[in-house]
Structures are given as structure tokens and as C-alpha cells.
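Chain residues, written in single-letter form:
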Amino acid sequence: MRLHERVIAELGLLSLVRAPRDTKLIILQRFTRFFAFGGSTIIGLFMSLALVGDVISFGLALLADGIGRKVVLGFGALLMAFSGVVFAFSGNFWVLLAAGVVGIISPNGREIGPFSAIEESTLAHLTPLEIRSDIFAWYTVIGSAGNAAGKLATGFIVQHLQTLDGWDQIHSYQAIFFAYAVLAAMNFLVTFFLSNEVELYGREEQRSSSGSEDEEPLISGVEDGEGGEERIGEKRSLLSNISKESRAIVFKLCCLFAVDSLASGLVPASWVTYFFYGKFSLEEGSLGTIFSVMAFLSAISSLVAASLSKRIGLIRTMVFTHLPSAIFLMLIPVPSSLVGALIFLVLRSSLASMDIAPKAAFLSMVVLPGERTAVMGLISVVRTFSQSGGPVITGVLAQSGKFWVTFLAAGLLKAGYDLGLLAGFQSYKRKTDIGMPSSENADDA
């Protein structure tokens, strides 16, 4: 194989090109959505109550497999459009507050709503096991690219509009929210081009009729034929059911992800910016450039992680990239020089996101296909609420002059998450090691 062909294969580009149309449409929707999220950040009470909307999103994720994934994705897009229109044309505080809760407006430029759980579950059953990490990596990278492009475009458009006659800051941002609604409407239209292959039941029925299976669930207590009649009877239930065998796994994962998300909440970009500004008097423009470089490194690292997971496995990729990142996080406040602190910050950012694609691939395999959407929705809610408490703790520590404790605590929590993941899921590693031999000699070194 030629060098350029090997590079293309390692980066997962071949997997993306050969993916079915539905996969590409889902990734297109993610790009469009994240582009919109990049320019729709809200603050204060709006941010706090928008998190309540995540519970509504979890309810939608529970219903998705029962009433149809396309229906819920389309409905979510309409909720986005509704919020955008209200924020674009209304100046009433309570109306905006209601739209922020009931509709879908990202409080921090990141994912919110039922989309991620449904899309990741759908991508899992559209994608063969051996290339699943490739698809999830590009799903992550393209979403990050959309978010960055949205922030860049928003800054340019708002700045330009305010130079025109009759345009103040409020009207400029209302124009951004109108664009948000238009992008949401575009995503709504894209759902009509998705085929029935994205639906859980259509896919399962096709598999049953052909007598083939593309993967084996990791829970060992459910064998072929065991409880088969019960599963057929539950197949068309409106709400997703999580089996008893999966509940222990889901509980452990929720606890671990809650710890990791709390740690992430302790060191959001806004507080890290404040730390560098306060300690080194670094200008905002310089900080913006640094964080742009960090975002780029973070996105590219996801592609590297996909390639790495084929060699050492999903769990080891998640732990052995995320653990050094936690150590670098703890070391950020140690140097007395700006250069030293920035080195640890860049090293941390280069590794911090390498576990995202393997994590999504791992989650898609630890539970049964019919449980994926509900489990991913539950984990999303747990992570959101756990993360929301972090900035409050950081604020208290910053005011008391102990900002460094935040980095230490966040790093220790993340290291605990990594070690807990390694210890808690050792028994699953052979089945989740994509591309690894299945013999007894395939154990972790």
C-alpha cells in the first residue's frame, strides 16, 4: 500500500467515503447543528434553566426508538427553530426564558438536546464494528469544525452588522438567532432524506429476516433464544427498556462519567482564560488565538485515537490518552512562567479529546442495540448535570485565592475516572478491542 493510501486508511477517510448515505446525512446534520450552537451561547439564568431542558431531551431520547428516530430528530430540529425565532423577535424576558427551557438553545456552545444520543445509536447500527471508531472520530471532528466555524462566523457577522446604520448589539444578535432558526429548519428538511435504515425496528427486522447478526452484545447473561419471546413482545413498546443485565453496567458508567464531567466543569474554558489573565496578564486576543489552536489540536487528536484504538483497543486508548491529559491538567498552575504553563495547557488539550470517539464506540457495544439510545440519553443527562456544578466550586476557590486547587482537584478526579474505567471494565476489554486478536494472549500488558 502506498504512503498516501495508508495515511487515508489510518485517518478513517476510506471508512467515511464508503459509509452509507444515512451516515453522511447524520454527520451533515451534526455539522449544521454545531455551526448553529457555536453562535447561540446564552448566559446567567438562561443557561441554568436551559439545562433543565436536558431532562426533556432525555424523555425524547427514551421515546425515539418507539415512535421513530426520524420523528424525534425532526421534532428536535423544530424545537431549535422555535427557540431561534423567539429569541430573534421577542424582547420579553419570560417568553425568552420559556423558549430557553422548552426549546433547544445551547447554553455554552456545546451539544444539547436528544440529537447526540439518537445519532450515535443510529451510527452504531449503520456501521460495521471494525470501522465504528473511524466513523465516530469523523462525527466528532466534523462537529467540532462546525462549532468553530459558527463562532468565527458569528463574531464576524455581529461585528459587521454593528457598523451599519440602525444596527445595535441587540439587533445584531437577534439576526444571529434568526440564522440559528434557519439552520435548524435546514436540519429538519434533511431528516426527510434519511431512509428507514436509521430506525431500530426496521433494521432489526431486516436482520432477523436475513438470519444475520453484525455484532454481539457485551452482556453475557442474554444468549440467543433466551427470553426471545419476551424481547419480541417488548420490541414495539413506546419506551425503551433497559435489561437487568445492562443496569449494573449503566450504573457504573454513569458514576464514572459523572466524576469525569464534574472535573471538566471545574476547568471550563472561561475559568482557564481567567486564570491565565489573572496570573500572567495575558491579553484576551492572545488567549483567543491559543484556544483556537487548542481546539484544532483537540479535533485532530480524535482521528489519531481512532487509528490507535485498532491497535491497542478501545479501553486502553481511552485510559492511556486521557490519564496523561489529567496529569498535565494538574501541572498547569505549577510553572511560574507563561511558557511553562502554556506547554502543559497545549499538551493537555492535545490529549483531552482523544477518548471521545473510542468512548462512543465503547458505549455502543456495552448494551443491547435496543437499549443504546436510552442509555446514551441517560448518560448525557448525568454528564450535563454533573458538569453544571463545577463552575460554582471553581468560583468559590478563585475568590479565596486557591485557584490552583481547582486544577489539582480536576486532574485527580479525571485520573480516578480513568483508573476506575480500567478496573471496572477489564472483563470487557477483549470484546471491545476492535481489530485485536480474540485469543487469551490479547490481554492488556
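Source: prediction; values computed, not measured.

A. The nonpolar core, seen in detail. With 69 residues, the main nonpolar core has M80, I104, L253, F362, L421 and F425 as its most contacted residues. Sorting elements by how many residues they give to this core places helix 6 (residues 69-89) first, with eight residues. L421 has contacts with L256, I315, M318 and V319, leaving out every residue within four places of it along the chain. One finds F275, F276, A341 and L345 within the second-largest nonpolar core, a separate group that totals 20 residues.

B. Highlighting the packing of aromatic side chains. Per the counting criterion, the structure on display carries 18 aromatic pairs. With a centroid separation of 5.2 Å and 90° between ring planes, the pair formed by F188 and F192 is classed as edge-to-face. Relative accessible area serves as the criterion here: at 59%, F192 is assigned to the exposed category. For the pair Y274 and F403, a centre-to-centre distance of 6.1 Å together with 35° between the ring planes defines the contact as tilted. In this pair, Y274 sits in helix 14 (residues 269-280) while F403 sits in helix 21 (residues 403-424), placing the two residues 129 residues apart along the sequence.

C. Here's a closer look at the confidence of the model for the protein chain. Counting all residues, the mean pLDDT for the protein chain is 81, and 82% of those residues have values of 70 or more. The secondary-structure element of the protein chain with the lowest mean pLDDT is helix 12 (residues 228-234), recorded at 40, while helix 21 shows the highest, at 94. Within the model, the stretch residues 219-236 combines pLDDT values under 50 with 20 contacts to residues more than four positions away or in other chains. The low-confidence segment residues 429-445 (pLDDT under 50) makes 38 contacts with residues lying over four places distant or belonging to another chain.

D. Examining the pattern of salt bridges more closely. On inspection of all chains with the given rule, the structure shows six salt bridges. When salt bridges that share partners are traced, they join D260, D355, K359 and K414 into one network.

E. Representation of the packing of helix 13 (residues 244-266) against helix 20 (residues 390-399) in the model. Axis separation between helix 13 and helix 20 bottoms out at 7 Å; the angle between their running directions is 45°. Here helix 13 is positioned oblique relative to helix 20, judged by the angle of their axes. Considering the relative orientation of helix 13 and helix 20, their crossing is right-handed. Residue-level inspection shows L262, G265 and L266 of helix 13 in contact with helix 20, the latter providing G390, P391, I393 and T394. Here the contact of helix 13 with helix 20 is built from residues that sort into four nonpolar, three polar and no charged.

F. Just helix 21, in detail. Spanning 22 residues, helix 21 covers 32 Å between terminal C-alpha atoms, matching the ideal 32 Å at 1.5 Å per step. Three or more residues of helix 21 are buried, namely F403, T406, F407, A410, G411, K414, A415, Y417, D418 and L421. Taken end-on, helix 21 shows its buried residues confined to a sector of 155°, consistent with a single buried face. Looking at the buried side of helix 21, the elements it contacts are helix 13, helix 14, helix 16 (314-331), helix 17 (338-352), helix 18 (356-366) and helix 20.

G. The side chain of D418, seen in detail. With respect to the secondary-structure elements, D418 resides in helix 21. No salt bridge forms around the buried D418; measuring N to O, its nearest opposite-charge neighbour K414 is 7.7 Å away. In this structure the side chain of D418 is engaged in a polar contact, spanning 3.2 Å, whose partner is the backbone nitrogen of L323.

H. Representation of helix 13 in the model. Taking 1.5 Å of rise per residue, the 23 residues of helix 13 would be expected to cover 33 Å, and the 34 Å separating its terminal C-alpha atoms lies within 8% of that figure. Every buried residue belonging to helix 13 is among S246, I249, V250, L253, C254, L256, F257, D260, S261, A263, G265 and L266, and all of these are buried. Among the structural elements, helix 16, helix 18, helix 19 (372-388), helix 20 and helix 21 are those in contact with the buried residues of helix 13.

I. Focus on the environment of S116. One can find S116 in helix 8 (residues 115-126). By relative accessible area, which is 16% here, S116 ends up buried. Each residue touching S116, except ones within four places of it in the same chain, is listed here: E111 and Y139.

J. Representation of the packing of helix 6 against helix 8. At a minimum axis separation of 10 Å, helix 6 and helix 8 run at an interaxial angle of 150°. The orientation of helix 6 relative to helix 8 falls into the category roughly antiparallel. Considering the relative orientation of helix 6 and helix 8, their crossing is left-handed. Here R69, V72, L73, G76, A77 and M80 of helix 6 come into contact with helix 8, specifically with F115, I118, E119, S121, T122 and H125. Tallied by class, residues from the contact of helix 6 with helix 8 come to six nonpolar, four polar and two charged.

K. Layout of the environment of L303. Within the secondary structure layout, L303 lies in helix 15 (residues 284-312). Taking the C-alpha atoms as reference points, L303 and L13, 290 residues apart in sequence, are found 9.6 Å from one another. What L303 contacts, discounting residues up to four positions off in sequence, is E10, L11, A137, W138 and V141.

Conventions and cut-offs
- Residues numbered from 1 in each chain as written.
- Predicted model: local features only at pLDDT ≥ 70, side-chain atom pairs only at ≥ 80, totals over all residues.
- Heavy atoms only, no water.
- Core = buried A, V, L, I, M, F, W, Y, C linked by side-chain atoms within 4.5 Å.
- Buried < 20%, exposed > 50% of the residue type's maximum accessible area, 1.4 Å probe, protein only.
- Helix = DSSP H or I, 4+ residues; strand = E, 2+ residues; numbered from the N terminus.
- Contact = heavy atoms within 4.5 Å.
- Phe/Tyr/Trp six-rings, centres within 6.5 Å; stacked < 30°, edge-to-face > 60°.
- pLDDT = per-residue confidence, 0-100.
- Salt bridge = Lys/Arg side-chain N within 4 Å of Asp/Glu carboxyl O.
- Axes fitted to C-alpha atoms, helices over the stretch in contact; angles between N-to-C directions.
- Parallel < 35°, antiparallel > 145°, perpendicular 65-115°, else oblique.
- Left-handed = near helix turned anticlockwise from the far one by under 90°.
- Nonpolar A, V, L, I, M, F, W, Y, C, P; charged D, E, K, R; others polar.
- Expected span 1.5 Å × (residues − 1).
- Arc of directions from axis to C-beta.
- Lys, Arg positive; Asp, Glu negative; His and termini not counted.
- Polar contact = N/O pair within 3.5 Å; in protein donor to acceptor, adjacent residues only side chain to side chain.

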